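The chain contents come next:
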There are 2 protein chains.
Amino acid sequence: MTAERLVVIGGDAAGMSAASQARRLKGPDELEIVAFERGHFSSYSACGIPYWVGGQVGDRDELIARTPEEHRERAIDLRIRTEVTEVDLPGGRVRARDLETGDEGWTGFDKLVIATGARPVRPPLPGIDAPGVHGVQTLDDGQALLDTLTGVTGRRAVVVGAGYIGVEMAEALLNRGFEVTVLNRGEQPMATLDPDMGRLVHTAMDGLGITTVNGAEVTAVRTGADGRVRAVATEEAEYPADVVVLGMGVAPETSLARAAGLPVGVSGGLLTDLSMRVRGQENVWAGGDCVEVLDLVSGRERHIPLGTHANKHGQVIGANVGGGYGTFPGVVGTAVSKVCYLEIARTGLREKDAAAVGLQYVTATIESTSRAGYYPDASPMTVKMLAERRTGRLLGVQIVGREGAGKRVDIAAVALTAGMTAEQMTTLDLGYAPPFSPVWDPVLVAARKVVAAVRQD
Amino acid sequence: MTAERLVVIGGDAAGMSAASQARRLKGPDELEIVAFERGHFSSYSACGIPYWVGGQVGDRDELIARTPEEHRERAIDLRIRTEVTEVDLPGGRVRARDLETGDEGWTGFDKLVIATGARPVRPPLPGIDAPGVHGVQTLDDGQALLDTLTGVTGRRAVVVGAGYIGVEMAEALLNRGFEVTVLNRGEQPMATLDPDMGRLVHTAMDGLGITTVNGAEVTAVRTGADGRVRAVATEEAEYPADVVVLGMGVAPETSLARAAGLPVGVSGGLLTDLSMRVRGQENVWAGGDCVEVLDLVSGRERHIPLGTHANKHGQVIGANVGGGYGTFPGVVGTAVSKVCYLEIARTGLREKDAAAVGLQYVTATIESTSRAGYYPDASPMTVKMLAERRTGRLLGVQIVGREGAGKRVDIAAVALTAGMTAEQMTTLDLGYAPPFSPVWDPVLVAARKVVAAVRQD
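Remember, it's a predicted structure, so these values are computed and weren't measured experimentally.

Q: Where do I start with the domain arrangement of chain A in this structure?
A: Interface extent is often summarised as the accessible area lost during association of the parts. Residue and element names in this part refer to chain A. As assigned here, chain A comprises domain 1 (4-118 + 251-321), domain 2 (122-248) and domain 3 (343-452). Across the boundary between the two partners, domain 2 contributes seven residues, which contact eight residues of domain 3. Here the residues of the side of domain 2 that touches domain 3 sort into five nonpolar, one polar and one charged.

This is how it looks when you write it as structure tokens:
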């Protein structure tokens, strides 16, 4: 019997988790595994880049979970600096190019995993490719930014975008001693929150000395006589900049897959079934930042680039490819982030998400503390909860606060997954002791208030 | 129309929450509320006493959520230092004695709430009432202990009992500069955990400089020539002591209720229905530390004295008494505690709880970290998970670790309430970012391992 061959496109979280899990289930005599990665690195934590740039993580290698050599020791033929340029589905083969030598050739597959990730949004603005303007998607990006930060003499940094990457990079640059201005297109920073909660983030960022400009549409990057960035221009003003970081979000990298005729959704991500197999395909799987996932609350597909999903996808794909069984049922849209001391969390639907899918809702917002009010370091937090009108079903939770605020969103994430009503949540048996929580956990206080709102509606 | 009269026995969490909620729903013209409390204080956080004794909470009054005067301002006739001595159910009246004047008299009721709390276990050992031996159940107890701690010259403290109160008091005494020995009857401290997890607590307490003696059955308290405590004797040894704190647990205080013929369960707590009405009664409710609650995982009644349950009971009782509606469906047995930096949490069933109700199970124990491994202050934690054999239904979780460990138990508490399987938990969409969690949250790592154990069983 000849071994089957599994080809994996993309050597980061989803791709290499899939490869590793498949290898655990099938040895090299049964399954040959070839993986292609166009970058220099494998299996690294892109989510950790802001903390490496900010100095909390000392060394790039700490972000690498498993090196190409380690994968090869596990009988996974990982070829770095090798870019797949074409997928031939009917022929069961991919064409790949060695980026060092330029050599190109075809590799046949019995099974294919597409884990091509996402690419940063980078609008074609004048000057956007000038030296001193940086994305932060890959370890190479991070190294280039660090080189700029250590080489540059000025101390003015502009971050374009006020989502997760934007606020995390604002913290990193502040930690590196820069004056930071964040240019935000939207009404408030953290558009993944409702604007009333985003306003709390804005206020806190002000308090940290980060200047946030809302409604700022960037029109150009201005360069100096040396060709380097010197300012970022919006429709209204110009912001001097010695370094610029782009945090304008990412889009699924699916050009190869689309060229091969594979189905994508409204966000441009690949569409899969519950086993992470690409729809309509027998032997092609996809996972990570290049796919859309089912939002269990809205019933719609969404694109949520997040390492924790990518790892889960990889596990599921690897199990199925390796002859086991696993499914990824979907997400509820949980995310946590921080900017300095401020913790920001969300799960489920925002007001506009609910409205967009025809759900009517009531909301409640409460203030409470992370610990019993009398306990040292009890820190304030604001919790907003959405519940469906009439039924009272939990639809979403947003939390902004300090230490102890962010991970409380997990309570709501599990409750959303279970389809609980806010009323059911009011009697949840959550951990209580004065150093950990007020006698009514802030999430329960919010649930009680939203229950009252449902009843009065 | 004459107002109905509600009588409440017990002026702490359950009783006064019930009174306050009933008052919110019905004004004094509809409902007269009389509450009796034999102590000096109302609505205080007994759970906060260890932190007041330890010095983290500066003032006793910070532990008082609402004073008797504040209750009276809300038209609740709270009579402190007044002890109910008899409940006459057929006559619809209670007899109460003013502990200051000795005056005694009957008060009629239309509706009755029993919230008599719990009393500390205090075995009739020789010397147990000697000066220098303290319970820590009430604010009066806490003050007496503080007086001893400031007056005593020796620095040797013995804590009898290694449950929540025992370990919290060990921390408090350590903070006050005492050498602390904890005498523990059981195999390991924290008998609310399985012994393998309790052993981790033991090791950590050793590292903190707290001496824990397991298998130590106290036989007597030895006194000196001055009549004060000088040592605690066990069957094997004698432990010198300048102060002794008793933390041997509590039992439901139901002597009044039992004398009135009301039903109690195997732990001696009152038995209620889902609306917290005492079984077989039309107009009598009970809540807080004097009742048994339904354990949703085992299907059995248990006695769980905990402020957070007492508050929920009070809300439910107050809603029903006030003409609204509410139920307390039960608990899953969640508890968190800490001793210095060490966080200890549990929910659901231990191995012996599962065995006792006929459930067969598999277990998995994993080590992980509170944050991404590369992020500063990522601290280790151990998570143990029990799942039912064959079905894989989650049965319980225990966590021992440092900062960020304890409240993770809430994930499992909600999952238990929802009846999830461990396999369902493996795809939970929990908050992930490097400062908050590894890419696989420790609870998910445990779930994955227990799923594998279920499959292999």
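Still more to cover.
Q: Teacher, can you tell me more about the sheet that holds strand β1 (residues 4-9) of chain A here?
A: Either a parallel or an antiparallel arrangement is found when strands of a sheet pair, and the pairing is made through backbone hydrogen bonds. Residues and elements named next belong to chain A. Read across the open sheet, the five strands follow the order β3-β2-β1-β7-β18; overall the sheet is parallel. Sheet topology places β3 (77-79) and β18 (284-286) at the edges, where each strand pairs with a single neighbour. Recorded for the sheet is a direction-independent mean angle of 15° between the axes of neighbouring strands. Two elements, β1 and strand β7 (residues 111-114), share four bridges in a ladder whose sense is parallel. Counterpart to L6 in the pairing with β7 is K111. The strands that helix α1 (residues 13-25) touches are β1, β2 (31-36) and β7; relative to β2, the one it contacts most, it runs at about 165°.

Q: How do you make sense of the environment of A:S370 when you look at a structure like this?
A: Residues and elements named next belong to chain A. Locating S370 in the fold gives a position in the loop between β23 (361-369) and β24 (380-388). By the C-beta count within 10 Å, which is 24 here, S370 ends up buried. The spatial distance from the C-alpha of S370 to the C-alpha of V278 is 43 Å, given a sequence separation of 92 residues. Those residues within four positions of S370 in sequence are excluded, and the remaining contacts are A378, S379, M381, G401, R402, E403, G404 and A405.

Q: I tried to follow the relation of the copies chain B and chain A on my own but got confused; where do I start?
A: Here two copies of a chain appear, and what relates them is a rotation about an axis with a shift along it. In screw terms, the move from chain B to chain A is a rotation of 180° and a rise of 0.0 Å along the axis, fitting with an RMSD of 0.0 Å. The transformation relating the two chain copies, once decomposed into turn and shift, fits a two-fold axis. A shared interface surface links the copies, since 100% of the contact residues of chain B are contact residues in chain A too.

Q: Looking at this structure, how should I read the environment of A:T426?
A: Residue and element names in this part refer to chain A. With respect to the secondary-structure elements, T426 resides in the loop between α11 (422-425) and α12 (442-456). Since 22 C-beta atoms lie within 10 Å of it, T426 is described here as buried. Taking C-alpha positions, T426 is 10.0 Å from V450, a pair spaced 24 residues apart along the chain. Residues in contact with T426, not counting those within four places in the same chain, are L444, A447, R448 and V451.

Q: Sorry, what's going on with the interface of chain B and chain A here?
A: If you look at the interface, chain B gives 50 residues, while chain A gives 50 residues. Within the residue set of the side of chain B that touches chain A, elements represented by two or more residues are α8 (307-321), β21 (335-339) and α10 (409-417) of chain B. Of the residues forming the side of chain B that touches chain A, the biggest block, seven residues, is contributed by α10(B). Across the side of chain B that touches chain A, the residue classes tally to 32 nonpolar, 12 polar and six charged.

Q: What's the story with unusual backbone geometry in this structure? I'm lost.
A: For residues besides glycine, phi is generally negative; the peptide bonds are generally trans as well. Phi angles above zero are rare outside glycine, and A:M190 is one such case at about 60°. Mapped onto the elements of the fold, A:M190 is located in the loop between β11 (179-183) and α6 (195-208). Here A:M190 falls in the buried class, since 28 other C-beta atoms lie within 10 Å of it. At B:D377, a position not held by glycine, the phi torsion is positive, near 65°. With respect to the helices, strands and loops of the structure, B:D377 is situated in the loop between β23 (361-369) and β24 (380-388).

Q: Looking at this structure, I do not really get the nonpolar core. What am I missing?
A: A general trend in soluble globular proteins is that nonpolar side chains are found buried together. If you look at the biggest cluster of nonpolar residues, it comprises 300 residues, and the most contacted ones within it are A:V113, A:V244, B:V113 and B:V244. For A:V244, the residues in contact, after removing those within four places along its chain, are A:G132, A:V133, A:H134, A:V158, A:V160, A:V221, A:V229 and A:V232.

Q: Would you explain the sheet that holds strand β4 (residues 82-88) of chain B in this entry?
A: All names here are of chain B. Sheet architecture is open: three strands sit in the order β4-β5-β6, paired in antiparallel fashion. Single-partner strands in this sheet number two, and they are β4 and β6 (104-108). Strand-to-strand twist in this sheet, taken as the mean axis angle between neighbours without regard to direction, amounts to 30°. Of the strand pairs in this sheet, β4 and strand β5 (residues 93-98) are connected by six bridges, and their pairing is antiparallel. Of the residues in β5, the one forming a bridge with V84 is A96.

Conventions used here
Residues numbered from 1 in each chain as written. Chains lettered and ligands numbered in written order. Predicted model: local features only at pLDDT ≥ 70, side-chain atom pairs only at ≥ 80, totals over all residues. Domains from an automatic or database assignment. Contact = placed C-beta atoms within 7 Å. Nonpolar A, V, L, I, M, F, W, Y, C, P; charged D, E, K, R; others polar. Pairing = 2+ DSSP bridges. Helix = DSSP H or I, 4+ residues; strand = E, 2+ residues; numbered from the N terminus. Axes fitted to C-alpha atoms, helices over the stretch in contact; angles between N-to-C directions. Buried ≥ 20, exposed ≤ 12 C-beta atoms within 10 Å, placed from the backbone. Least-squares fit on C-alpha atoms with pLDDT ≥ 70 in both. Core = buried A, V, L, I, M, F, W, Y, C linked by C-beta atoms within 7 Å.

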